[in-house]
Structures are given as C-alpha cells and as structure tokens.
Amino acid sequence: MFTTGIEGPACDAMGNLYAVNFSTKHTIGKVTPDGEGSLFLQLPEGATGNAIRFSRSGTMYIADYTGHRILKADMTTKEVSVFVHEPTMNQPNDLAVTWKETWFASDPNWKQGDGQLWRIDRNGRCVLLEAGMGTTNGIEVSSDERTLYVNETVQRRIWKYDLSERDEISNKRLFYEFADYGLDGMRCDMTGNLYVTRYGKGTIAVLSPDGLLVREVALTGKLCTNVTFGGADGCTCYVTVADTGAIESFRTDIPGRCWALWKQDNGNKIK
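Just so it is clear, the model here is predicted, and its values are computed rather than measured. (Residues numbered from 1 in each chain as written. Predicted model: local features only at pLDDT ≥ 70, side-chain atom pairs only at ≥ 80, totals over all residues. Heavy atoms only, no water.)

(A) Quick look at the packing of aromatic side chains. Applying the stated criterion across every chain yields a total of 9 aromatic pairs. On the basis of an interplanar angle of 70° and a centroid distance of 5.1 Å, the ring pair of Tyr 18 and Phe 40 is categorised as edge-to-face. Residue Tyr 18 is found in strand E2 (residues 17-22), and its partner Phe 40 is found in strand E4 (residues 37-42); the two are separated by 22 residues along the sequence. Phe 40 carries the same exposure label as Tyr 18, and that label is buried. An aromatic cluster is present here, built from Tyr 18, Phe 40, Phe 54 and Trp 262 joined pairwise through their rings. Its end group placed over the ring of Trp 159, Lys 172 keeps NZ or CZ at 4.5 Å from the ring centre. If you follow Arg 198 out to its NZ or CZ, it ends over the ring of Phe 178, 4.0 Å from the centre. (Phe/Tyr/Trp six-rings, centres within 6.5 Å; stacked < 30°, edge-to-face > 60°. Helix = DSSP H or I, 4+ residues; strand = E, 2+ residues; numbered from the N terminus. Buried < 20%, exposed > 50% of the residue type's maximum accessible area, 1.4 Å probe, protein only. Lys NZ or Arg CZ within 6 Å of the ring centre and 35° of its normal.)

Structure (structure tokens):
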C-alpha cells in the first residue's frame, strides 16, 4: 500500500493509523484498526510529508520537507492549510507537541550535515532555539513534559534539554550515543522510556529516563523510519519501515505518551 517513502506514523483518537506516501508521493494514507488501508488525502502541489502529529484538539499536523513548511489538515473537511512557513527552515523533519500545544520541530540540512531546532506556538509563531547542531531528526517531549529529546541521525547522538513550564529549553547534555547505524523518529511511553528507531539496524532501542539501554526490539525490515503508539490501550507500537514499505507492530506493557494525550485532563493525569 505504501511506498518506500513511508514515514510519520500517528494515531487519531479512534485508533486509526496514518502515514505519508500511500501508493504514491505527496499523499497520506489511513489504516483502520481492522487493517484496512486507503488514501486519506492528497497534499498540495510541491508538498511531501515526513512526520505526522496530532494536537489534542484533533488537528493533523504534517512536516512538509520539500515545501519547507508545516501544514495542518482538518480531519472532517480534509482541507490542508499552512501552519508555518519560515523561510530560514531547511527541511522540517519531525514534530513533537506538548499538552498545551506548543510545538517543537527538527530541521536538518542533509547536504551540509547540520541542523536546527525550532519552537512554534499554537498560532504558528516560530522561535529558533538552536542552530549548528548535527542532522537533527527524531524529537520528543517526555511524559512529564520536563524534558525535550532531540537526536542527530548521522552523528548518532540523542540530546536532552530541560523544558520549563514556559516551554523554554536549557541545560543541554548528551543523553545517549550509539556506536553504529543511524537514528530516526522517537516516542516516549508514559513512564518516560524513549523508543528510538535504529535506521539500518532494523530495531527499536528502548532507553530508560536515566539513559540506559533497556532492550532492543528486532523488526523484519532494516530501514525503520518512525514509531508511534496506538491500539485500544495505547500499548501497541507501530513502526514505519522504508525498505519494505510496511508498517510493523509490537506490544509493550506501558502506553505511549502520544496515545495518552487523547486521555488526559491535564499534563500528567490519564482519565
């Protein structure tokens, strides 16, 4: 169903799974909880999706790396509009969001081998938080929203920042560094473990909040691009895999933070 450009998995509140590049480029596909796939929407001309994330209000946000912008889609009308168009962005790659809908975006420049980090408020106003990083890619907010994680694909590093109540970052430090293979998308579970796609190795590395490698989950394909949580209890991990154009899944004991955002009545409590 999906091309080898499959990326950006995200689940809505009903348990439907979405990913980019369904059958052809410039599309978003939808997979129901029963496994039925279909074309959900066609992106505007010149747009190619990479990451998909949902806000708590149910709007879909899409990192458009060829259009150098972030789009948003109304889930009822399927109308796509521009949320952010920042001329100094390279190729917005992945997105993270807080409970109160402050956004963070990774922004690599693959040709130069460096990258940037952005914060975006709910009205689409951008602030450049850091430039001159490595090839920024996977990005995630911790379950308690006190930490922001950003990885660098080529450099194989994950950085950790303190995140304030005003969504300001500070105290950057190295969280984990891998000796081999690339890194791509990341997601946290509700106890703070970080799930990291090991591009080329075909595994999901699970890191504890203390930066210890808890386990690695082997996949069938090798080029895993991103991961998300869904299912009725939030304990199913869905992984997009580029070399097979497939979505693989495995079970965990702990629900994912992205799933739990649909269930929370404040930043830390699940109904």
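(B) Just the sheet that holds strand E20 (residues 213-218), in detail. The antiparallel open sheet is built from 4 strands, whose spatial order is E17-E18-E19-E20. Edge positions in the sheet fall to strand E17 (182-188) and E20, since each of these pairs with one other strand and no more. Strand-to-strand twist across the sheet, computed as the mean angle between neighbouring axes with direction ignored, equals 25°. Pairing of strand E19 (residues 203-207) with E20 involves 5 bridges; the strand directions are antiparallel. The residue bridging Thr 203 from the neighbouring strand is Ala 218, located in E20. (Pairing = 2+ DSSP bridges. Axes fitted to C-alpha atoms, helices over the stretch in contact; angles between N-to-C directions.)

(C) Fine view of unusual backbone geometry. At Arg 156, a residue that is not glycine, the phi angle is positive and equals roughly 60°. With relative accessibility at 27%, the residue Arg 156 sits in the partly exposed group. Even without glycine at this site, Tyr 181 takes up a positive phi of about 60°. Mapping Tyr 181 onto the fold places it in the loop between strand E16 (169-177) and E17. Relative accessible area serves as the criterion here: at 40%, Tyr 181 is assigned to the partly exposed category.

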